[in-house]
Amino acid sequence: MKILSLLGLVIKNNLVEGASAHWWSQRVSAFFLAILFVWFTFSFGNIENYEYDAVISWSSGILNSVMLLLLSIAMIYHSSLGLEVIIEDYIHTRKTRKYSLILNKVIHLLLAVVTIVSIFFINTGSQ
Amino acid sequence: MSNRVRPLSPHLTIYRWPITMILSILHRGTGIVLTLGLLSFSLWLGSIALGEDHYKKFINLSTSWPGSLFLLSLSFAFFLHLSNGIRHLYWDTGRGFNKDNVELSARIVIISTFALTCLFWWWL
């Protein structure tokens, strides 16, 4: 209840822009990541062996593809938010900070492209 | 720039290092390590997508001794970040902030990190 009323306060005062949105995004993505990693550990840990055929048949199923996609997106989002805070806290020169923040975004965007395209190719079976 | 010579908080050099502070720093440190883990995760997915030869190369690399050492450290960093992250989510509900509680939860985080890392490798 406390969290819900807090959320209400956040929405009512239009605090969702900027810092508090960042704060909430980090917590929400953390929560989903914890759940998704439980899935990953038990699902991936359960396959017979780690030969190519076994891994591709595990990762090309539609449910596992969707779960891998969610896991990747949550990880990349959480990682970019986390590094953003670290950059903002420890890089004090304005210009370096600005470019570090841009570089952080570019790297995570590249990671998103690589993982999403890979999952798509694994799922459709083309190489 | 003038702000470069000003002393910056946190003044790590003048404190004794309590367990809570070590964990706070490790949370950030492991976060950075886990970004490297994310990089290897996307390379892993990429190698599966590129076909058997690339996948085998990835597996050979990750089962070599530097690769294994990296994966072991990565799993340790992961479970520390997870355990301490849950501690943070608990704090975010406004609970567990007095001194005794904070130190108790710090000990729980460290014990659970070692326990989960061992359990994980036993399970795989």
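Rules used throughout
- Residues numbered from 1 in each chain as written.
- Chains lettered and ligands numbered in written order.
- Predicted model: local features only at pLDDT ≥ 70, side-chain atom pairs only at ≥ 80, totals over all residues.
- Helix = DSSP H or I, 4+ residues; strand = E, 2+ residues; numbered from the N terminus.
- Rg over C-alpha atoms; globule rule 2.2 N^0.38 Å.
- Buried ≥ 20, exposed ≤ 12 C-beta atoms within 10 Å, placed from the backbone.
- Contact = placed C-beta atoms within 7 Å.
- Core = buried A, V, L, I, M, F, W, Y, C linked by C-beta atoms within 7 Å.
- Axes fitted to C-alpha atoms, helices over the stretch in contact; angles between N-to-C directions.
- Parallel < 35°, antiparallel > 145°, perpendicular 65-115°, else oblique.
- Left-handed = near helix turned anticlockwise from the far one by under 90°.
- Nonpolar A, V, L, I, M, F, W, Y, C, P; charged D, E, K, R; others polar.
- Expected span 1.5 Å × (residues − 1).

Re the overall build of chain B
For step 1, the next point in the chain: Check the secondary structure of chain B and you find 4 helices and 0 strands.
For step 2, the next point in the chain: Along chain B, helices and strands appear, N-terminal first, in the series α-α-α-α.
For step 3, the next point in the chain: Its C-alpha atoms give chain B a radius of gyration of 19 Å, more than 25% over the compact-globule value 14 Å for 124 residues.
For step 4, the next point in the chain: By residue count, 20% of the 124 residues in chain B fall in the buried class.
For step 5, the next point in the chain: Long-range pairs, those at least 24 residues apart, make up 68% of the contacts in chain B between residues at least 6 apart in sequence.

Section: the overall build of chain A
For step 1, the next point in the chain: Of the regular secondary structure elements, chain A holds 5 helices and 0 strands.
For step 2, the next point in the chain: Moving toward the C terminus, one meets the helices and strands of chain A in the order α-α-α-α-α.
For step 3, the next point in the chain: In chain A, buried positions account for 18% of the 127 residues.
For step 4, the next point in the chain: A separation of at least 24 residues holds for 65% of the contacts in chain A among residues at least 6 apart in sequence.

Looking at the nonpolar core
For step 1, the next point in the chain: Formed by 22 residues in total, the largest nonpolar core has its most connected members in M75(A), L38(B), L45(B) and I48(B).
For step 2, the next point in the chain: Secondary-structure elements contributing two or more residues to this core are α2 (19-44), α4 (62-90) and α5 (94-124) of chain A together with α1 (19-50) and α3 (65-92) of chain B.
For step 3, the next point in the chain: Ranked by residue count, the leading element in this core is α1(B), at 6 residues.

Comments concerning the interface of chain B and chain A
For step 1, the next point in the chain: Across the boundary between the two partners, chain B contributes 29 residues, which contact 29 residues of chain A.
For step 2, the next point in the chain: Only α1, α2 (52-63), α3 and α4 (99-123) of chain B provide two or more residues apiece to the side of chain B that touches chain A.
For step 3, the next point in the chain: In terms of residue count, α1(B) provides more of the side of chain B that touches chain A than any other element does, 13 residues in total.

So, the packing of α4(A) against α1(B)
For step 1, the next point in the chain: Running from N to C, α4(A) and α1(B) point in directions that differ by 140°, and their axes come no closer than 10 Å. By the angle between their axes, α4(A) is oblique relative to α1(B). Crossing hand, α4(A) versus α1(B): left-handed. Here M75(A), I76(A), S79(A), G82(A), L83(A) and I86(A) of α4(A) lie close against α1(B), whose contacting residues are R28(B), G31(B), I32(B), L34(B), T35(B) and L38(B).
For step 2, the next point in the chain: Residues of the contact of α4(A) with α1(B), tallied by class, amount to 7 nonpolar, 4 polar and 1 charged.

Describing the environment of L70(A)
All names here are of chain A.
For step 1, the next point in the chain: Looking at the secondary structure, you find L70 in helix α4.
For step 2, the next point in the chain: With 15 C-beta atoms packed within 10 Å, L70 lands in the partly exposed category.
For step 3, the next point in the chain: As a C-alpha pair, L70 and L36 span 34 residues in sequence and 7.9 Å in three-dimensional space.

Focus on α2(A)
For step 1, the next point in the chain: Between its terminal C-alpha atoms α2(A) stretches 36 Å, which fits the 38 Å expected from 26 residues at 1.5 Å a residue.
For step 2, the next point in the chain: When α2(A) is considered as a whole, its buried residues turn out to be S29(A), A30(A) and L33(A).
For step 3, the next point in the chain: Of the surrounding elements, those touching the buried residues of α2(A) are α4 of chain A together with α3 of chain B.

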